[in-house]
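# Results of the structural survey
Chain by chain, the residues:
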Amino acid sequence: MNVRTLVSSFRYALEGLAHALATQRNMRIHFIAAFAVIVLCVFVRVSIAEIMSVLFAISLVICLELVNTAVEHVVDHLTKERHPAAKIAKDVAAAAVFIAAANALVEAYLVFYDKFMPIHWRPLNTLLIPPYLGVILVGLLCLIVGISGYALRLRHSKKENVARYEK
Ligand SMILES: Nc1ncnc2c1ncn2[C@@H]1O[C@H](COP(=O)(O)OP(=O)(O)OP(=O)(O)O)[C@@H](O)[C@H]1O
């Protein structure tokens, strides 16, 4: 690979990023949030490890939003009609972004909690584990239980549909 093709592929990648930023509202939200968090990291005392985890979370969200945009374009190119497979492809790609964004929120909370919360106002201090971990773990448990319940309902309704179809 010569330098020219290397520069071209870099340019195409930047074009892809610029396209996603220009056309996707969610990508603009991610960019504004990333900008704000990075500015915060400049003014608040954060460790290298904390900065690394923040940057990783930001990269993950932006990468998955790019993949989601690509999936949307491919699906729209393949079919203009409504199709269950098209719906699944788009919804699953959107779910990937959702998980990464939720992870970024949790990381931001973990990194900045101690920096902003006054020591005398920590309502969860009575828990046996550190309060910030308590909130995260309880939140994650609720999320896992909620999504599992929803998936079970979905499976059940799909089986019912198949059974009705086979009658
Ligand atoms: N061809 C299709 N067949 C069936 N369902 C579809 C189809 N296209 C979109 N959908 C459903 O509509 C939802 C919204 O799709 P749309 O293409 O508007 O993307 P979007 O989620 O609004 O993305 P963005 O806002 O980032 O452009 C999808 O998540 C999917 O559930």
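Treat the numbers as computed from the prediction; the structure is a model and nothing was measured.

What counts, and at which threshold
Residues numbered from 1 in each chain as written. Predicted model: local features only at pLDDT ≥ 70, side-chain atom pairs only at ≥ 80, totals over all residues. Heavy atoms only, no water. Near = heavy atom within 4 Å. Polar contact = N/O pair within 3.5 Å; in protein donor to acceptor, adjacent residues only side chain to side chain. Areas by Shrake-Rupley, 256 points an atom, 1.4 Å probe, with all protein chains shown as cover. Helix = DSSP H or I, 4+ residues; strand = E, 2+ residues; numbered from the N terminus. Nonpolar A, V, L, I, M, F, W, Y, C, P; charged D, E, K, R; others polar. Salt bridge = Lys/Arg side-chain N within 4 Å of Asp/Glu carboxyl O. Buried < 20%, exposed > 50% of the residue type's maximum accessible area, 1.4 Å probe, protein only. Expected span 1.5 Å × (residues − 1). Bend = angle between axes of the 7 residues up to and from the residue.

## Looking at the site of the ligand
Around the ligand sit Gln24, Glu72, Glu81, Arg82, His83, Ala86, Lys87, Lys90 and Asp91, and those are all the residues in its vicinity. Separating an oxygen atom of the ligand from a side-chain N or O atom of Gln24 is a distance of 3.0 Å. Between the ligand and the protein, one listed contact pairs an oxygen atom with a side-chain N or O atom of Asp91 at 2.6 Å. Here the ligand has 610 Å² of accessible area as a free molecule, and 62% of this is covered by the chains. Here the shell around the ligand takes four residues from helix α4 (residues 84-116), the largest share from any one element. Here the residues of the shell around the ligand are counted per class, giving one nonpolar, two polar and six charged.

## Considerations on the pattern of salt bridges
A full pass over the atoms with the stated rule returns four salt bridges. Measuring nitrogen to oxygen at the nearest pair gives 3.0 Å for the salt bridge that ties Glu50 to Lys115. With Glu50 in helix α3 (residues 48-78) and Lys115 in helix α4, this residue pair connects regions lying 65 residues apart in the sequence. A residue is classified by how much of its surface remains accessible, and Lys115, at 30% relative accessible area, is partly exposed. Across the pair Asp76 and Lys90 runs a salt bridge whose closest N-O atoms are separated by 2.8 Å. Placement of Asp76 in helix α3 and of Lys90 in helix α4 is noted, with a sequence separation of 14 residues between them.

## Observations regarding α4
In this model α4 runs 46 Å from its N-terminal to its C-terminal C-alpha over 33 residues, within 8% of the 48 Å that 1.5 Å per residue would give. At Leu110, α4 shows its maximal bend, which comes to roughly 30°. Among all positions in α4, only Ala86, Ala93, Val97, Ala100, Glu107, Val111, Phe112 and Tyr113 are buried.

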